[in-house]
Amino acid sequence: MAAALELADLSVVYGGSNEALDGVSLSVPQGGFVALLGTNGAGKSTTLKAISGLLRFENGSVRRGSIRYMGQDIGAMPSYRRARLGILHVREGRCVFPTMTVEENLEAALFARGRRGPAVARRTYDEIFHYFPPLRERRQSSAGYLSGGEQQMLAIGRALFAQPELLMVDEASLGLAPKIAAEIFTILRQINEERGLSILVVEQNVALALRRADYGYVLEAGRIVEEGSAESLTNRESLSKRYLGGG
Ligand code: ATP
């Protein structure tokens, strides 16, 4: 399948000298579900920020390599234009607006793709609530009062509201009970299959991500050290020892 996203030899530095990524190449096929795996500080979040264009807000810059989306080089594009192309990034830490209601949080997303209006909103509310039923019941609640799992659903739901074509989710499982984290990954898979959108997740919980993704890359100290289908990675001894609790 043709690639939606292609990173080639991407190298990123913070503050002009602190190298976070060193020659990362990866691709996300159209309609694919890809996981970028690795431990703390490996460079996973940096990779997503480079793709969405948020890097520049953190004093980071691409030193080498390219980022192509649907064949177009987007490396120099401001982040709002990347969002308008359909690249949506759910950042680590479920960044919802705590004093705004669930509905207001969702609506805020419409600006990301430059769309507004009640017709769009009505249609997409139903789509979001189809995937995340707890949000329907809490639609008038302040986001700050939601549980951790519901806040993560809202953060993903908000990105979905903007009709993404490539959805990137950073550490969806962080701080969630295993059952809730598994549920979120099941929903992500469902969205991927039913909506045909491409998904790139960043995860420390390797076993969980590989249960749902098609393909995975393992990042260590800014470099891809392993890659393969989710099934082959799950059975790979080098990974099983380090990341999957195997002996
Ligand atoms: P985590 O799961 O902890 O977020 P990660 O794999 O996502 O880990 P990154 O956050 O991408 O890793 O960090 C990669 C490297 O870049 C680390 O050494 C980190 O200290 C450094 N780094 C990240 N953000 C910045 C920043 N804004 N300024 C300077 N260095 C940074």
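Numbering of residues starts from 1 in every chain and runs along the sequence as written. Residues qualify for local features only when their pLDDT is at least 70, as the model is predicted, and side-chain atom pairs are given and counted only at 80 or more; totals for whole chains, interfaces and linings, by contrast, use all residues. Excluded from the side-chain calculations are hydrogens and water; all other atoms, namely the structure's heavy atoms, are used.

The name given to the protein in an unreviewed UniProt entry is Branched-chain amino acid transport system ATP-binding protein, and the organism recorded there is Amorphus orientalis. The UniProt entry for the protein carries this comment under Sequence similarities (unreviewed entry): "Belongs to the ABC transporter superfamily." UniProt positions are given in the numbering used here, feature names are shortened, and annotations may be inferred rather than shown by experiment.

Enquirer: Requested: an account of the packing of aromatic side chains, with residues and values cited.
Expert: Two rings from Phe, Tyr or Trp (for Trp, the six-membered ring) form a pair when their centres sit within 6.5 Å of each other. Planes less than 30 degrees apart are called stacked, planes more than 60 degrees apart edge-to-face, and all others tilted. Across all of its chains, the model carries three aromatic pairs by this definition. Through pairs of rings, three or more aromatic residues link up here, namely Tyr125, Phe129 and Phe161. In this scheme, the term charge over a ring applies when either NZ of a lysine or CZ of an arginine sits within 6 Å of the ring centre and within 35 degrees of the ring normal. When the ring centre of Tyr125 is taken as origin, the NZ or CZ atom of Arg139, which lies over that ring, is 5.2 Å away. Geometry around Phe97 places Arg158 over its ring, the cationic atom sitting 5.0 Å from the centre.

Enquirer: Which residues make up the pairing of strand S7 (residues 166–170), and what values do they have?
Expert: Every regular strand shows the same layout, with side chains that alternate between the two sheet faces. Partly exposed residues are those whose accessible area sits between 20% and 50% of the maximum for their type, while under 20% is buried and over 50% is exposed, using a 1.4 Å probe and protein chains only. By definition, any uninterrupted DSSP run of H or I lasting at least four residues is a helix, any uninterrupted run of E lasting at least two residues is a strand, and each is numbered from the N terminus. Within S7, five of the five residues are buried, which leaves the element mostly enclosed by the surrounding structure. Neither face of S7 is left uncovered, since the one carrying Leu166, Met168 and Asp170 and the one carrying Leu167 and Val169 both have all their residues buried. The pairing criterion for strands is at least two bridges between them, as found by DSSP. Taken together, the four bridges between strand S6 (residues 87–90) and S7 define a ladder with parallel strand orientation. Bridging from a neighbouring strand, His89 pairs with Met168 of S7. Relative to strand S8 (residues 198–203), S7 is paired through five bridges, and the arrangement is parallel. By the bridge assignment, Asp170 is partnered in S8 with Val202. This β-α-β element, S7 to helix H7 (residues 178–195) to S8, shows right-handed connectivity. Handedness rule for crossovers: strands pointing away from the viewer, path from the first strand over the helix to the second running clockwise, crossover right-handed.

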